[in-house]
Each structure stands twice: as structure tokens, then as C-alpha cells.
Amino acid sequence: MTTVGIPANAKQLAALVKEGEGPALEFKRSTGELKEGMQTLCAFLNGSGGVVLFGVRPDDEAEGQEVSDQTLRDIAQAADRFEPPAHVSIHRIKLKAGREVVVAAVEGRRDVRPFTYEGRAYERVGSTTRRMPQAKYEKSLLERAHGTRRWENEPAEGVELRDIDRDEVFRIVEAAKSAGRLIGPIGTRIADVLDRLKLRRDGRILQAAVVLFGKEFLPDYPQCELRMARFRGTDKTEFLDQRHVRGPAFTLLEEAQLFCQRHFPLPGKIVPGKLQRVDTPLIPPDAMREILVNALIHRDYSIAGGAISLAIFDDRVEVWSAGTFPTGITPEKLSKSHQSVQRNPLIADVFYKTGLIEKWGRGTNRVIEMCVEAGIAPPKFEEITGAAVVTFKVNVRGPQQTAAQAAGQLGTESVPSLSQVAPEVAPEVMRLLSVLKGAMYRRSLQKALKLKAEKNFRVVYLRPALDANLIEMTIPDKPQSSKQRYRLTDMGRAILAKEGLR
């Protein structure tokens, strides 16, 4: 509520003016200062409310102004520039013939703020209105995101218990119990489980419950969708495979993981001292799952046409989710220490209970660490046209099938032709093979190639050569060892021999 009363007549107005300007009261000579008055109302909205008097001079004298229909239209149009929309109460107090004071009042809304006027947020400090600092604005946005009014905790209109998938509910309950994060009796009634997970309020099912356990998603919940595609090459010109799936969140996660398994190559090789082939995933499975889970729990579900998209190209894997990163999180912060910001805390909490996520803001940092340990480039985080995008730069195409077959079959008695082993070898990889003598450290290889940027060397030269089984590590069990060196494989030597380089 406002901290000053709204005057009903000239006598009450005079008493209010006598108090002078303060944290909840502002004087404007006329609506010629309408923009400044609206900025002050914005500041009041971001506080405890307040009143702006148009027609009062700075020296505390109420002289009024002429008020026409156009004046009222101008005020109404100006009030439409608040975001989120705000109610401005307008009153007129007659002073003398043809002169009136216009009273504009607002109430503070803790559950809705921060408010902006014409795209900028304002705050009240004493009797002064000023721009709200960016840090405070972001903090207020974060508080609003965790407030009582979010898409996920709004009632799901028309959804009843029969619309919730019982099997899915108790499948996830069992996973949460196994993870040790759902303790105590649960019961066998869906209603009790939803109440325990805070997915019902006053007996009404919340929209978060539909995302997690719904049966039907059209026509009311089209955003519960996963779009997956494997493209030929590096653009979207030709599909090799595509699927669109609508379903509850955990099902979408599993479908995405299966699609990755189907289309990711799994390079393997025989390591000295081990009888079995060692398989190296294209992207560490835990890292890929973490990014998919983040897309599901942090996306903006209020965008009805939005979805999670998994796009696999020859040279990269992209995960898109509708909406930008949560308030207070930027792409740059995700690779550093940062706070845990949850756009959908109810949905995130159920994922937490199953053991799929933690709540310490370390998810993306762990993904980066896993990629470094696996010897691949860390993912790139971006915001593109209103979507959060994570890109892994990896060689999805991998070596040709004949090369994969030959990798485990080469011996000293036969040297296959280049066309049989690897029809395509990037020029950068060929350069790397040509300078590799015996077993060499990474720094020695960079020096031989006259390359200064370590990241460029790893991504463009080293990783592709390893993925194609053209070179191998001398200490494969410890990819990050300071003693790690690299040497040619039989296949690498075969290619160099065919090219006449050895």
C-alpha cells in the first residue's frame, strides 16, 4: 500500500502538500513533466507505493493546471509504458475555475517488481528519483523469478488427476527413493505424491506437474516438446534423421540420450597391456546429460511455441532451449563460479530428488571439467535470438567406416592404401602427422607446427587426429598427465607412407 493517503478534496490536498516531497510523494508543476512523473511512479512501484501530484510547484504551492480530455489520454498512454503492466489510479481535485491538480497513485508490488518505464528501472532515495543500479535490478528480477507468481506454479486449467501419468509418477518416485532424496512413507495416491512434491496447491494441479508427469500435451501444452535432428554436413540442408517427441520431462531426457547414442560415433582402439578395446565417447555422457537436464529445467515454459532442440552436425552438437539464460546468469558466467539460479525451482527440485542435478551452481563447471579431462574443447554457451544455446565442437562424422574397421585389423605384414583406410584427412591433421617423430609432447608438436594458441591446436589438429585413430597417447589412462606424449598409430604411418611422407 502507499505510505501517503490519496487526497479526496482541496483541504486534504493542502494538508498533503504541506508535508513536502519525500519517499512516497512527488510534486510536478504540470503534466508537461509527465515523463519525469511516470519515472517517479516507476520508483514508487519498485518500493512501497506513492503519489505524484501534477499541478504543484516545487515551492509547495498548489496552483493546478488545465485538464482536458487530451491530458487524460496522454496520462493513460504514458501509463501503458510500464513493464510489467501497472495500475495507476488517477484522481482530479478542483482548485478554482479551470484549474485542477491531477493525483496519480500506485501501490508497491513486491511479488511483481522490478518495474521499468520505457525499458528502464527507477528507485526512490529520499525525495529523489534515480535510475536503479543494474546489480539491484538483476537481484530484483531474480527475486521475482523465485516469487509466488511463475509459469510453473500457476494452476493447470482443466487438468485433473486422471490427466497425470501414474506410472511415470511412481517411476520417478522410485528413482528419488533410490537416490536417498525422498525419505519416508509416500503412499499410493497420486494426489499425495503431488502434494509431497509441492505440485498441487489448494487441491489444484500446477503446470509444473504437467511438464513432469502429463499424459496429453496438445493443444494446451505444445511447449513440452523435444526436436531432434542429425544433419549431413555442417548446415541444415539435408536430414539424415529427425524426430519430434512430446512427453513428460524425464521421457524427453531419455529420448535425447538415445538419439545421441544412435548418432554419436564411439571411437575405440587396442591399448597396450589391455586385452579389450577401449571405447572413448564423443562427449562424456555425464556432461551431455547435464546440458540436456539444464535445458529442461531452466527453459522458459511460458513460450508456448518453444521447445528443446538437439541438433547434430558433422562438426558439432547443439542443444537449444526456449528463452534466454535465467536472470542474473550470462554465457560468460557459466564457465566461472556462479550462483545457482533456477527459473523453475519446482521442476528443478524433482530432478534434484532423482539425483540428476545438484543445487550448487556447479553443473556447467563440471561439464567443462569433464570435457577437459576427456581431451575435447569445452562447450560454448550463447544466447541466440531469444534462446539459450550450448555447442560442443566435436568430430561427429568421425573416421570413415573402412578406417574404423581397419583400426583393429592393421598388422605389420600389410599396409592398406590411403583410399581404403581414410578417404578424407584434413590438411591440418596431415601436417600434424608429418611432424610427429617418435613420441612427442604437446608443446613440442605445437612448436614444430609453429602454432601459439593451445586451444586451436587441440581443437583443429590434435583432437581430430586422435578421433581418427591416426595418433595415440602414450598414457591413455591419464589424458591430462604432464608426462603425456603422442605417437603415430599403424594407420597414421600407413597414410604417411601412401603420401610418400615417410
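Residues numbered from 1 in each chain as written. Predicted model: local features only at pLDDT ≥ 70, side-chain atom pairs only at ≥ 80, totals over all residues. Heavy atoms only, no water.

K.L.:
Would you take a moment to explain the overall build of the chain for this structure?
P.N.:
Regarding its fold elements, the chain presents 17 helices and 21 strands. Sorting the 502 residues of the chain into buried and exposed places 48% on the buried side. When contacts within the chain are restricted to residue pairs at least 6 apart in sequence, long-range pairs at least 24 apart make up 64% of them. Total accessible area on the chain is roughly 25500 Å²; 49% of this is exposed by carbon and sulfur atoms. (Helix = DSSP H or I, 4+ residues; strand = E, 2+ residues; numbered from the N terminus. Buried < 20%, exposed > 50% of the residue type's maximum accessible area, 1.4 Å probe, protein only. Contact = heavy atoms within 4.5 Å. Areas by Shrake-Rupley, 256 points an atom, 1.4 Å probe, with all protein chains shown as cover.)

K.L.:
It is not clear to me how the sheet that holds strand S5 (residues 99-107) should be interpreted in this structure. Could you clarify?
P.N.:
Paired through backbone hydrogen bonds, the strands of a sheet run either parallel or antiparallel to each other. Taken together, the 4 strands give an open sheet; going across it, the order is S1-S2-S5-S4, and neighbouring strands pair in mixed fashion. Looking at which strands have only one partner, the edges of the open sheet turn out to be strand S1 (25-28) and strand S4 (89-96). Neighbour to neighbour, the strand axes of the sheet diverge by 20° on average, direction disregarded. Sheet topology note: the S1/strand S2 (residues 49-54) ladder contains 4 bridges and is parallel. Bridging across to S2, Glu26 finds its partner in Val52. Against the sheet, helix H2 (residues 34-45) makes contact with S1, S2 and S5, and its axis sits at roughly 165° relative to S2, the strand it touches most. (Pairing = 2+ DSSP bridges. Axes fitted to C-alpha atoms, helices over the stretch in contact; angles between N-to-C directions.)

K.L.:
Which parts of the structure should I look at to understand the pattern of salt bridges?
P.N.:
Pairs can form between side chains of opposite charge whenever their charged atoms are close. Within this structure, the stated rule accounts for 36 salt bridges. In this structure, Arg57 engages Glu61 in a salt bridge whose closest nitrogen and oxygen atoms are separated by 3.5 Å. Residue classification places Arg57 among the partly exposed residues on the basis of a relative accessible area of 22%. The salt bridge involving Arg150 is made with Glu152; its shortest N-O contact spans 2.7 Å. An identical accessibility class is assigned to Arg150 and Glu152; each is buried. A single network of salt bridges, built from pairs that share partners, joins Arg29, Arg57, Asp59, Glu61 and Glu63. (Salt bridge = Lys/Arg side-chain N within 4 Å of Asp/Glu carboxyl O.)

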